[in-house]
Amino acid sequence: MVSAFTQTTHKGNVTTFFFLGFNNTAVYNLLLFILVLIIYIVTICGNFLIIMLVYYSKTLHSPMYFFLSQLSISDIILTTDIAPHMLHIVLHERTSISFSEFCGPNVIDHLFCDFNPLVELSCSDTSRVQMEVTLLCVPVLIFPFLVIVVSYTYIVLTILKISSFSGRLKSFSTCSSHLTVVFIFYGTLIAAYLIPKKGQSQTISKIRSLLYTVFTSFVNPFIYSLRNKEIKDSLKT
């Protein structure tokens, strides 16, 4: 399939790119389409519910819930930017987008127009761009991740001072679920943009992209908000 697409590449500038998706059987792609669609719908509904609850419930008018509603808005924007086109690629097995500044192969072996698969098709020297991305990862990824880890370290130290065993257990349960989402999100991003790509499986790369673009937005409402007692009370009223 790749060679068939590549043969259609123009000798001049490339203006259209084709996506391969997972490049599997129709049944597999249909099951993947249904799974991603369900995740997308639940993500939108869950995050929209949180936004509405924070907006209408006076008991939730506090800085913490304001920031949780901003997280929900960010999740909706991120997922809506990625998921619909991803669903189109998975359902139709192949799809294309228009794009110019390229002259070689026009097949992107990925689920959406991610940075690394696109740069790999460039006919020019991309070492400077790659260096800029690596440097930007420090303030954008590494620094926030370290701040979160340090913050949760202090939280854990505070939890250890709780005299009640049940209180410590409940607090550790909450923190562990939060940290799981943090490690999935930042771990996959760091793996995608900092670890050398040579020898990496394309399937692993695609699954990794699904984790930080779709999965984390899906679980955020359940981890950060819907388990909260005040949110549950607002749902009942």
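Residues numbered from 1 in each chain as written. Predicted model: local features only at pLDDT ≥ 70, side-chain atom pairs only at ≥ 80, totals over all residues. Heavy atoms only, no water.

As annotated in an unreviewed UniProt entry, the protein carries the name G-protein coupled receptors family 1 profile domain-containing protein and comes from Aquarana catesbeiana. Checking UniProt for the protein, the heading Subcellular location (unreviewed entry) contains the comment "Cell membrane". (UniProt positions renumbered as here; feature names shortened; annotations may be inferred.)

**Q** Tell me what's going on with the overall build of the protein, and back it up with residues and numbers.
**A** Counting its secondary structure elements, the protein contains eight helices and three strands. Helices and strands in the protein line up, N terminus first, as α-β-α-α-β-β-α-α-α-α-α. Contacts in the protein between residues at least 24 apart in sequence constitute 73% of all its contacts with a sequence separation of at least 6. For the protein, the accessible surface area stands at approximately 14,000 Å², while carbon and sulfur atoms represent 69% of it. (Helix = DSSP H or I, 4+ residues; strand = E, 2+ residues; numbered from the N terminus. Contact = heavy atoms within 4.5 Å. Areas by Shrake-Rupley, 256 points an atom, 1.4 Å probe, with all protein chains shown as cover.)

**Q** Let's hear about the pattern of salt bridges: which residues, and what values?
**A** Within the structure shown, the criterion is met by one salt bridge. The salt bridge partner of R128 is E132, with a shortest N-O separation of 3.7 Å. Taken together, the positions of R128 and E132, both in helix α5 (residues 127-159) and four residues apart, correspond to about one turn of that helix. (Salt bridge = Lys/Arg side-chain N within 4 Å of Asp/Glu carboxyl O.)

**Q** Pulling in residues and values, what's your account of the UniProt feature "transmembrane region" (unreviewed entry) in the protein?
**A** Those places that UniProt annotates as "transmembrane region" (unreviewed entry) correspond, in this numbering, to residues 30-56, 133-157, 177-195 and 207-226. Counted over residues 30-56, helix gives 100% and strand 0%. Its end C-alpha atoms are 39 Å apart. Helix makes up 100% of residues 133-157 and strand 0%, with an end-to-end C-alpha separation of 35 Å.

**Q** Explain a positive patch on the surface to me, using residue names and the numbers behind them.
**A** Taken together, the side chains of K170, R227, K232 and K236 define a basic patch exposed on the protein surface. You can see K236 is positioned in helix α8 (residues 229-236). (Patch = residues over 30% accessible without salt bridge, like charges linked within 9 Å, V, L, I, M, F, W, Y side chains within 5 Å. Lys, Arg positive; Asp, Glu negative; His and termini not counted. Charge placed at Lys NZ, Arg CZ, Asp CG, Glu CD.)

**Q** Lay out the packing of α5 against helix α6 (residues 165-193) with the relevant residues and their values.
**A** The interhelical angle for the contact between α5 and α6, taken along N-to-C directions, is 170°, at an axis separation of 11 Å. Classified by the angle their axes make, α5 and α6 are roughly antiparallel. Here α5 contributes V133, T134, C137, L141, I142, P144, F145, I148, Y152, I155, V156 and I159 to the contact with α6, which in turn contributes R168, S171, F172, C175, H178, L179, V182, F183, Y186, L189, I190 and Y193. A per-class count over the contact of α5 with α6 returns 20 nonpolar, three polar and one charged. (Axes fitted to C-alpha atoms, helices over the stretch in contact; angles between N-to-C directions. Parallel < 35°, antiparallel > 145°, perpendicular 65-115°, else oblique. Nonpolar A, V, L, I, M, F, W, Y, C, P; charged D, E, K, R; others polar.)

**Q** An account of the packing of aromatic side chains is requested, with residue identities and associated values reported.
**A** Per the counting criterion, the structure on display carries seven aromatic pairs. On the basis of an interplanar angle of 70° and a centroid distance of 5.5 Å, the ring pair of F66 and F67 is categorised as edge-to-face. By relative accessible area, F66 is classed as partly exposed at 45%. When its relative accessible area of 57% is taken as the criterion, F67 is described as exposed. Ring geometry for F215 against F218: centres 6.5 Å apart, planes inclined by 45°, an arrangement best described as tilted. (Phe/Tyr/Trp six-rings, centres within 6.5 Å; stacked < 30°, edge-to-face > 60°. Buried < 20%, exposed > 50% of the residue type's maximum accessible area, 1.4 Å probe, protein only.)

**Q** So what's going on with the environment of R168? Which residues, and what values?
**A** Note on placement: R168 falls in helix α6. For the pair formed by R168 and T158, sequence separation is ten residues and the distance between their alpha carbons is 9.6 Å. With residues near it in sequence (within four places) discarded, R168 still touches I159, L160, I162 and S163. Side-chain polar atoms of R168 contact the backbone oxygen of S163, separated by 3.3 Å. (Polar contact = N/O pair within 3.5 Å; in protein donor to acceptor, adjacent residues only side chain to side chain.)

**Q** Please provide a residue-by-residue account of the nonpolar core, values included.
**A** Ranked by internal contacts, the top residues of the largest apolar core, which has 23 residues, are M86, L111, F112, L141, Y193 and Y212. Mapped onto this core, the elements with two or more residues apiece are α2 (26-56), α3 (63-92), α5, α6 and α7 (202-225). (Core = buried A, V, L, I, M, F, W, Y, C linked by side-chain atoms within 4.5 Å.)

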